[in-house]
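What follows is the residue order along each chain.
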Amino acid sequence: MRRLVAGTGWKMNNGIADSIRYAEELKARMRPIDASAIDVCVLPPFTSLSAAAQAFADSPVAVGGQNMHWEDDGSWTGEISAPMLLEAGCRYVELAHSERLLRFGETYAQVRRKVDKAMSAGLTPILCLGETAREKAEGRADQVLAEQTLTSLGGQPDDRVPGIILAYEPRWAIGAAEAAPPGYVEERHRALRAILREHHGREAAERTRIIYGGSVTPENGRPILDIEDVDGLFVGRAAWKPEGFARIIELVADAARRKALDVARTDGG
Ligand code: PGA
């Protein structure tokens, strides 16, 4: 049984003071929620990381960066390294968000080096994958997902793969009016798990979390979470306020209980 994930990337929102306010309100809203069976993370901007990590220190919420460089230090103006993220209190790092790829020219060849560095440094990478509207229209979504996955995970031993969280984020559904339809999400997540199985073996494929992101809301999250191969939600706008993220966390915690019951039923019968 895979541990479900509720995550939010704040993008360029929430400076230090707002991050602390967010943390205090989220912790209060989480008090009645049993989130012990899931992993919860927030990804603030770099300057807020340390304050957010301190504000969440007495809670189950972990903190992560939204990007990092593949070297530990050196002449890389404007960049942040894995040791710096760790020192700021991070446990996660988001890699290959489509805004990084499309607006800042990052490539999956660079992402591969970042995944490798994050893994050796002890950070959990949240690796974003997803096709464009055009690739979808051309019927190439699964081929694109395979290329992105194999490039990013190239060289990783099979037993390290489950330490990486894959985030399926169709680019046409990010910042959009609606999430991808559940049936479409189901096909892509199944395809991603098949890619993992083919290249990294059955065990790695079964243990690796694959979460969905792209216009998730508390309203549309449940049918997506009910899909067998969906192991959590990765949320932007709908979780930028603590109230919204608390509702997402509750949805994911409920889904974890339903999935555990299903597993128990299958094992029992
Ligand atoms: P959104 O963002 O939920 O606002 O669509 C998702 C993302 O960029 O990961």
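Keep in mind that what you see is a predicted model, and the values were worked out from it rather than measured. (Residues numbered from 1 in each chain as written. Predicted model: local features only at pLDDT ≥ 70, side-chain atom pairs only at ≥ 80, totals over all residues. Heavy atoms only, no water.)

So, on to the overall build of the chain. Looking only at helices and strands, the chain has eleven helices and eight strands in total. In terms of C-alpha radius of gyration, the chain reaches 17 Å, essentially the compact-globule figure of 18 Å for 269 residues. Its C-alpha atoms give the chain principal-axis dimensions of roughly 50 × 45 × 35 Å. Burial status across the chain gives 52% buried among its 269 residues. Sequence-distant contacts in the chain: of pairs separated by 6 or more residues, those separated by 24 or more amount to 73%. (Helix = DSSP H or I, 4+ residues; strand = E, 2+ residues; numbered from the N terminus. Rg over C-alpha atoms; globule rule 2.2 N^0.38 Å. Buried < 20%, exposed > 50% of the residue type's maximum accessible area, 1.4 Å probe, protein only. Contact = heavy atoms within 4.5 Å.)

Before going further, it helps to examine the packing of helix α1 (residues 16-30) against helix α11 (residues 242-268). At a closest axis distance of 9 Å, the pairing of α1 and α11 adopts a crossing angle of 40°. Viewed along their axes, α1 and α11 adopt a mutual orientation that is oblique. Along this stretch, α1 crosses α11, giving a crossing that reads as right-handed. Of α11, the residues touching α1 (which contributes Tyr22, Glu25, Leu26, Arg29 and Met30) are Pro242, Glu243, Phe245, Ala246 and Ile249. Across the contact of α1 with α11, the residue classes break down as seven nonpolar, no polar and three charged. (Axes fitted to C-alpha atoms, helices over the stretch in contact; angles between N-to-C directions. Parallel < 35°, antiparallel > 145°, perpendicular 65-115°, else oblique. Left-handed = near helix turned anticlockwise from the far one by under 90°. Nonpolar A, V, L, I, M, F, W, Y, C, P; charged D, E, K, R; others polar.)

Another aspect to go through is the sheet that holds strand β4 (residues 92-95). The parallel closed barrel is built from eight strands, whose spatial order is β1-β2-β3-β4-β5-β6-β7-β8. Geometrically, the sheet is characterised by an average inter-axis angle of 25° between neighbouring strands, direction not taken into account. Sheet analysis places strand β2 (residues 39-43) next to strand β3 (residues 61-65), joined by three bridges and oriented parallel. When the bridges of β3 are listed, Cys41 appears paired with Ala62. The sheet strands contacting helix α5 (residues 108-121) are β4 and β5 (124-129), and the helix crosses β5 at an angle near 160°. (Pairing = 2+ DSSP bridges.)

A separate point is α11. Its 27 residues give α11 an end-to-end C-alpha distance of 39 Å, which sits within 8% of 39 Å, the value for a rise of 1.5 Å per residue. Within α11, the full set of buried residues consists of Pro242, Gly244, Phe245, Ala246, Ile248, Ile249, Leu251, Val252, Ala253, Ala255, Ala256 and Lys259. On its buried face, α11 sits against β1 (5-9), α1, β2, α10 (221-225) and β8 (232-235). (Expected span 1.5 Å × (residues − 1).)

Membership of the largest hydrophobic core comes to 73 residues, with the highest contact counts inside it found for Leu26, Ile38, Leu127, Tyr212, Phe245 and Ile249. The element best represented in this core is α11, accounting for nine residues. Apart from the residues lying within four places of it in its own chain, the contact partners of Ile38 are Arg3, Leu4, Ala6, Ile249, Val252, Ala253 and Ala256. Cys41, Leu43, Ile165 and Ala167 belong to the second-largest nonpolar core, a separate cluster that totals eleven residues. (Core = buried A, V, L, I, M, F, W, Y, C linked by side-chain atoms within 4.5 Å.)

Right, let's get into the packing of α5 against helix α7 (residues 141-153). At a minimum axis separation of 7 Å, α5 and α7 run at an interaxial angle of 45°. As judged from the angle between their axes, α5 and α7 are oblique. Judged by the twist between their axes, the crossing of α5 over α7 is right-handed. Residues Tyr108, Ala109, Val111, Arg112 and Val115 of α5 pack against Gln148, Thr151 and Ser152 of α7.

Before going further, it helps to spend a moment on the environment of Ala238. By the secondary structure assignment, Ala238 is in the loop between β8 and α11. For the pair Ala238 and Thr8, spaced 230 residues apart in sequence, the C-alpha to C-alpha distance is 8.8 Å. Residue contacts for Ala238: discarding those within four places in its chain leaves Val216, Thr217, Pro218, Gly244 and Phe245.

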